Amino acid sequence: MICAAMEILHNGSLPFPSNPFPDICLPHLSPHYRNFFPVPKSKFRASTPRVAGFKHSTVSKHIHPQTLLPSFVDTPTSSSPAEISDFISLLNRCTTLPEVRQIHAQTVKLNALESNSSIGNKLVVLYSRNQLSLEDARKLLDEIPKRTVPAYAALVGSYCRNEQWDDLFSVFRLMVYEEMLPDKYLVPTILKACSAMQLLRIGKMVHGFVIRKIRDSDVFVGNALVDLYSNCGDLVSSRNVFDTMKERDVVSWTAVISAYMEEGLLDEAIHTFHLMQLDGVKPDLISWSALLSGYARNGEIDLALDTLEEMQEKGLQPRVNSWNGIISGCVQNGYLDDALDMFSRMLWFPEDPNIITIASILPACTGLKALHLGKAVHGIALKHGIFGNIHVQGSLIDMYSKCGSNDYAEKVFGKAKNKNTTMWNEMIAAYVNEGKVENALVLLTLMQKDGWKPDVITYNTILSGHARNGLKTQALELLSEMVQMDLKPNVVSFNVLISGLQQSGLSSEALKVFRIMQSPAGDVNPNAVPDLSMRPNAITTTSALAACADLNLLHQGKEIHGYTLRYGFEPNIFVSSALVDMYAKCHDMDSANKVFFRIEGRNTVSWNALMVGYIKNKQPEEAVNLFLEMLREGLAPSSITFMILLPACGDTAAVRFGQGLHGYAAKCQLDGSKNAIASALIDMYMKCGSILEAKSVFDSEVEKDVPLWNTMISAFSVHGMARNAFAVFEQMELLGILPDHITFVALLSACARDGLVEEGWKYFNSMENSYGVAASLEHYTCMVGILGGAGLLDEAHDLIRQMPYPPDACTWATLLQACRVHSNPEIGERAAKALFELEPDNATNYMLLSNIYGSSGMWDLAKSLRSYMRGRKLLTIKECSYLTIGSHICAFKGGESCHPELEEILETWEKLAKKMELSGYFPLDPVFEDEEKEMDPFSCLHTEKLALCLGIISSSACHPIRVSKNIRMCIDCHTSAKLISRIVRREIFVKDVCFYHHMKDGKCSCQDRW
């Protein structure tokens, strides 16, 4: 917009040794440039001038215009030269704003502004010195018939000091159109504004004017140019200006050092720092601070601390800006603990914090969720009298809201006297993050009533809240409202909308919005939103890929993958990780691997994504191998890595590998996730049969949360140790920890496994009466399991009919399983009938009913039901059993016969089968072949039998055999495993999806209730 105005900056001589920018020249006057830089909208009024601020002026005790100018009358029509001279003299002696306004009032009465413009220009200069009267200065400038460069310079300088960049350029436009050229004193101010707004094109035009017009350009102009180019990312031009400067001071060198640091060129920065000293320029405090903050911003905290010590050895004591540079650098790089440590060292130095310190350190408290530290910083801000600063208050609101203390955030917001749009946005975001979207909307209305116009950030924040709560209609209406308020939605608007809908479970709606975004938006609201189409960015595609992963839409996911390749998004680590996740969830592990190994600079997130993919696709052994490869590449696992792998160890009974992870996690000291990792360790040890190690992990945790207590109760429950589970619950009560609904699910499950009906009713009835926990469908299902496991099938059926919730498939499946255990085909048929309606394609329900028929001697019905299943092509879940031999996880998958030791495994099974047959055992769960063939009593070679045989062959006789299976054991495998434990005289641990079976001497810990 400045382009046309720069036409009047005429050619001049070259002050630099040579022109480093031959491409910079002043444009010729053309219609194009006049369109680019329109005429200012301000109107010049030279008639009756307005007295800015006169209405609220007070009489000064220092200057009395009525006394000093007795010849003034109330309504003169003109002023004499003597009177004008007296006015000028008075203005030169003015020291306060009220005095300026008094004289201004007198000039209006005498029409002095009409007769002599120097008075008006002088008034503008004086008004510009005070931030409170900037508006008065601008209004007066519009009314002066003949403006001068000093008046313009004063107002431009004041706008620069107050960072009112739009106002600054508006005045500069007016100045240039009046053919008033900036001098060498004003040029640095204009360049500073261009730098702050990163207006490189305009800055280059000013540079061209400097080269051609200002003959005696000084170091200040050169320094401003160096800062302009470096701040706009043009490091080459910045260095060229620096090299051509005749005179360079410490500011010049510091600007170049800062530019190198900003670009991450640390070696060049320190080299320039040494060259400065060789050139005879002694670094000052600002130079050292530039090094400090540069190192910190680039994550080199140790170098920053070394530099801090070095500057003190040189006799320079760090001031508040030095400390601020390190603190903000630590925060920007995520070194939040280091930031707090530096803040503490600063206070002990001692050095008082300023506004920037407080605004920088509060995000560290926020990131660490350290509410107590945030409150302490709040107290320091109050002590040093900087709480009233708008930036400090905004940071406090953000800290309190993200640390879960919205009541404190509201108090800070309520006490803020000078709210701005950013602060309103912070408070709206606090409500949205707490899930109180209605409160956010109320605040939006109050914001508008208070005279503040919401910006795009305001609407994007509320959009995010609507989307995360699944309120698609309201979100789209808000999108239309933005357009009506002349706030065009940007790519962030769509990103929060798509991401929020996907996170709220509306993945299909998220993909619809993704399509709307790429085409003219007639689907949103054609009347209010004519066009919302824009190009998605990397963040958009990441959310869209997550939606495809949720819906298993491989084809659409591949289309988005093509889009990322077209626009070069795939190298983005978040996009590539989302691609890996999408392909893995769509069961295309080959493509997931291809994307993964194309990623340059793979981080922990991308490794975790592929590990999760392997586990979800029933390949936990590959996940373990990938983890070992990740360690070989030198990457440290995160807490999420352990949360991924520990359940996999439990699912595969890989206790030795789990123990290794346990040691590694302890070494990493992941304090922020201690309870979560402890819960995962307890679960892993429980699934591997090591209940004592699980209890040891539980006891070692000092600060236990409710989920950790629940995990321990569940561990005892799964192992059929109900009394131990009850003891943990009693300990929990003694410590005053309130149980939640999951606690009672674990307790009731323990009762179900041990057949403790009386205790089950006790806990069920005490939930709401004693603890205020309302019984849910899950709790009623547990009660059905307790009654059914105890053989009280009629009571269990009655409870289903009487409970306040409609029974789901899990409830009926629990009753059906109890009917299988107690061979009750009558109630079993009722439960199965309900299940066939709820889950007509679930083959497991048909298998359970067939087993009930078989165990009741109703072979014809059993065979008929299985024939029906074959006719409908109902497939059961493909079974898989795991056995760990040393550090290797062996997987036996149903229907596969490719194990290298299969022949020896089958020979072992034949020997065991003969011994079982001699003991009088007959299979309870026979396999039906074609109707013409006879039934083979020992044809049930389920995968856990093969795993058991390999364990007998491959492991020492003194070690237990641990097998994990992905589905429930059948009767035959359960009975066979018990007999094998007696035959080979070894402990056998088998974990299926429902129970943990500890078999020894022909008996099982589940007491055959599974």
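Residues numbered from 1 in each chain as written. Predicted model: local features only at pLDDT ≥ 70, side-chain atom pairs only at ≥ 80, totals over all residues. Heavy atoms only, no water.

Engineer: Would you take a moment to explain the overall build of the protein chain for this structure?
Structural biologist: Scanning the protein chain from N- to C-terminus turns up 52 helices and six strands. Look at the contacts in the protein chain between residues 6 or more apart in sequence, and 64% of them connect residues 24 or more apart. When the accessible surface of the protein chain is split by element, carbon and sulfur atoms take 52% of a total near 47000 Å². (Helix = DSSP H or I, 4+ residues; strand = E, 2+ residues; numbered from the N terminus. Contact = heavy atoms within 4.5 Å. Areas by Shrake-Rupley, 256 points an atom, 1.4 Å probe, with all protein chains shown as cover.)

Engineer: Which parts of the structure should I look at to understand a negative patch on the surface?
Structural biologist: Where like charges cluster on the molecular surface, the negative patch consists of Glu300, Asp302, Asp306, Glu309, Glu310, Glu313, Asp337, Asp338 and Asp341. For the negative patch, the element with the most residues is helix α17 (residues 301-313), which contributes five residues. Of note, Glu313 is situated in helix α17. (Patch = residues over 30% accessible without salt bridge, like charges linked within 9 Å, V, L, I, M, F, W, Y side chains within 5 Å. Salt bridge = Lys/Arg side-chain N within 4 Å of Asp/Glu carboxyl O. Lys, Arg positive; Asp, Glu negative; His and termini not counted. Charge placed at Lys NZ, Arg CZ, Asp CG, Glu CD.)

Engineer: What exactly am I supposed to notice about the side chain of Thr244 here?
Structural biologist: Mapped onto the elements of the fold, Thr244 is located in helix α13 (residues 235-244). The class of Thr244 is buried, set by a relative accessible area of 11%. Polar side-chain contacts of Thr244 include one of 3.0 Å to the backbone oxygen of Asn240. Polar contacts involving the side chain of Thr244 include one to the main-chain carbonyl oxygen of Val241, which spans 3.0 Å. (Buried < 20%, exposed > 50% of the residue type's maximum accessible area, 1.4 Å probe, protein only. Polar contact = N/O pair within 3.5 Å; in protein donor to acceptor, adjacent residues only side chain to side chain.)

Engineer: Looking at this model, I keep getting lost on the layout of surface pockets. Mind explaining?
Structural biologist: Any empty space left between atoms is shown by rolling a water-sized probe over those atoms. A volume near 700 Å³ is recorded for the second largest pocket. Lining the second largest pocket are 22 residues, and of these Asp227, Ser230, Asn231, Ala255 and Ser258 lie nearest its centre. For the lining of the second largest pocket, the elements supplying multiple residues, two or more each, are α10 (187-197), α12 (219-231), α14 (250-262), α16 (285-297) and α18 (320-332). Split into classes, the residues belonging to the lining of the second largest pocket amount to eight nonpolar, ten polar and four charged. (1 Å grid on protein atoms, 1.4 Å probe; cavity = no way out; pocket = protein on both sides within 12 Å on 5 of 7 lines; lining within 4 Å. Points joined across faces, edges and corners; volume = space filled by probe spheres on them. Nonpolar A, V, L, I, M, F, W, Y, C, P; charged D, E, K, R; others polar.)

Engineer: Looking at this structure, I do not really get the environment of Ile599. What am I missing?
Structural biologist: By secondary structure assignment, the location of Ile599 is in the loop between α33 (589-598) and α34 (604-616). For the pair Ile599 and Ser577, spaced 22 residues apart in sequence, the C-alpha to C-alpha distance is 8.7 Å. Sequence-distant contacts of Ile599, defined by excluding residues within four places in its chain, comprise Ile573, Ser576, Val580 and Ser606.

Engineer: Please clarify how unusual backbone geometry should be interpreted in this entry.
Structural biologist: With the exception of glycine, most residues fall at negative phi, and the peptide bonds are largely trans. In this structure, the amide linkage connecting Phe349 to the following residue, Pro350, adopts the cis form with an omega of 5°. Position of Pro350 relative to the elements: it lies in the loop between α19 (336-348) and α20 (355-367). At Lys369, a residue that is not glycine, the phi angle is positive and equals roughly 55°. Judged by relative accessible area, Lys369 falls into the exposed class, the value being 53%. Positive phi values are uncommon outside glycine, yet Asp486 reaches one of about 60°. Turning to its location among the elements, Asp486 is positioned in the loop between α27 (472-484) and α28 (491-503).

Engineer: What is the right way to look at the packing of aromatic side chains in this model?
Structural biologist: Inspection of every chain in the model, using the stated rule, returns 24 aromatic pairs. A ring pair is formed by Phe836 and Tyr846, whose centres lie 4.1 Å apart and whose planes are at 10°; its orientation type is stacked. Remark: Tyr846 occurs in helix α48 (residues 843-855) and Phe836 occurs in helix α47 (residues 825-838); sequence separation between them is ten residues. Classification of Tyr846 as buried rests on a relative accessible area of 3%. Site record: aromatic cluster; members linked through ring pairs are Phe726, Phe729, Phe744, Tyr763 and Tyr771. (Phe/Tyr/Trp six-rings, centres within 6.5 Å; stacked < 30°, edge-to-face > 60°.)

Engineer: I tried to follow the nonpolar core on my own but got confused; where do I start?
Structural biologist: One finds Leu168, Ile358, Leu497, Met611, Met712 and Leu815 to be the most contacted residues of the largest nonpolar core, which totals 266 residues. Each residue touching Leu168, except ones within four places of it in the same chain, is listed here: Val156, Tyr159, Cys160, Ile190 and Ala193. Leu912, Cys949, Cys973 and Met999 belong to the second-largest nonpolar core, a separate cluster that totals 28 residues. (Core = buried A, V, L, I, M, F, W, Y, C linked by side-chain atoms within 4.5 Å.)

Engineer: Looking at this structure, I do not really get the pattern of salt bridges. What am I missing?
Structural biologist: Opposite charge on two side chains makes pairing possible when the charged atoms of those side chains draw close. By the definition in use, this model includes 22 salt bridges. Arg147 is the partner of Glu178 in a salt bridge, and the nearest nitrogen-oxygen pair spans 2.4 Å. In this pair, Glu178 sits in the loop between α9 (165-177) and α10 while Arg147 sits in the loop between α7 (134-143) and α8 (149-161), placing the two residues 31 residues apart along the sequence. When its relative accessible area of 25% is taken as the criterion, Glu178 is described as partly exposed. Where Glu944 meets Lys965, a salt bridge forms, and the shortest distance between an N and an O atom there is 2.7 Å. In this pair, Glu944 is assigned in helix α51 (residues 943-954) and Lys965 in strand β3 (residues 961-965), connecting sequence segments 21 residues apart.

Engineer: What am I meant to see in the confidence of the model for the protein chain here?
Structural biologist: One rule of thumb: low pLDDT means the predicted coordinates there are not for detailed reading. Here the protein chain shows a mean pLDDT of 82. Residues at 70 or above account for 86%. A low-confidence stretch, residues 1-77 stays under pLDDT 50, and its non-local contacts, those more than four residues away or across chains, total 175 contacts. Confidence drops under pLDDT 50 across residues 521-530; counting only partners more than four residues distant or on other chains, this segment forms 17 contacts. (pLDDT = per-residue confidence, 0-100.)

Engineer: Hey, could you run me through α51 in this one?
Structural biologist: Three or four residues apart is the spacing at which side chains of an α-helix point the same way, because the helix has 3.6 residues per turn. Here α51 spans 16 Å end to end across twelve residues, near enough to the 16 Å set by a 1.5 Å rise per residue. When you tally the buried positions in α51, you get nine out of twelve residues, the bulk of the element. Within the span of α51, buried status applies to Thr943, Glu944, Lys945, Leu946, Ala947, Leu948, Cys949, Leu950 and Gly951. Each element contacted by the buried residues of α51 is listed here: β1 (880-885), β2 (888-893), α50 (902-918), β3, α52 (971-983) and β4 (988-991). (Expected span 1.5 Å × (residues − 1).)

Engineer: What is the right way to read the packing of helix α45 (residues 793-802) against helix α46 (residues 809-821) from this model?
Structural biologist: Think of two packed helices as two axes; the pair is described by the angle between the axes and how far apart they sit. Between α45 and α46, the least distance of the axes is 11 Å, while the angle of their chain directions is 170°. For the element pair α45 / α46, the angle class is roughly antiparallel. When α45 is examined against α46, the residues Leu793, Ala796, His797 and Ile800 are found in contact with a partner set consisting of Thr811, Trp812, Leu815, Ala818 and Cys819. Grouping the amino acids of the contact of α45 with α46 by side-chain chemistry returns seven nonpolar, two polar and no charged. (Axes fitted to C-alpha atoms, helices over the stretch in contact; angles between N-to-C directions. Parallel < 35°, antiparallel > 145°, perpendicular 65-115°, else oblique.)

Engineer: Before we go on, may I ask you to explain the pairing of strand β5 (residues 996-1000) in this structure?
Structural biologist: Two faces, one strand: in a regular strand the side chains alternate between the faces of the sheet. Here β4 runs beside β5; their pairing, made up of four bridges, is antiparallel. Considered in β5, the bridge of Phe989 is made with His998. Hairpin connection, β4 to β5: the antiparallel pair is bridged by four residues. Bridging between β5 and strand β6 (residues 1003-1004) involves two bridges; their strand directions are antiparallel. Across the sheet, Met999 pairs through a bridge with Cys1004, a residue of β6. Hairpin remark: β5 followed by β6, antiparallel, with two residues in the connecting loop; positive phi at Asp1001, about 55°. (Pairing = 2+ DSSP bridges.)

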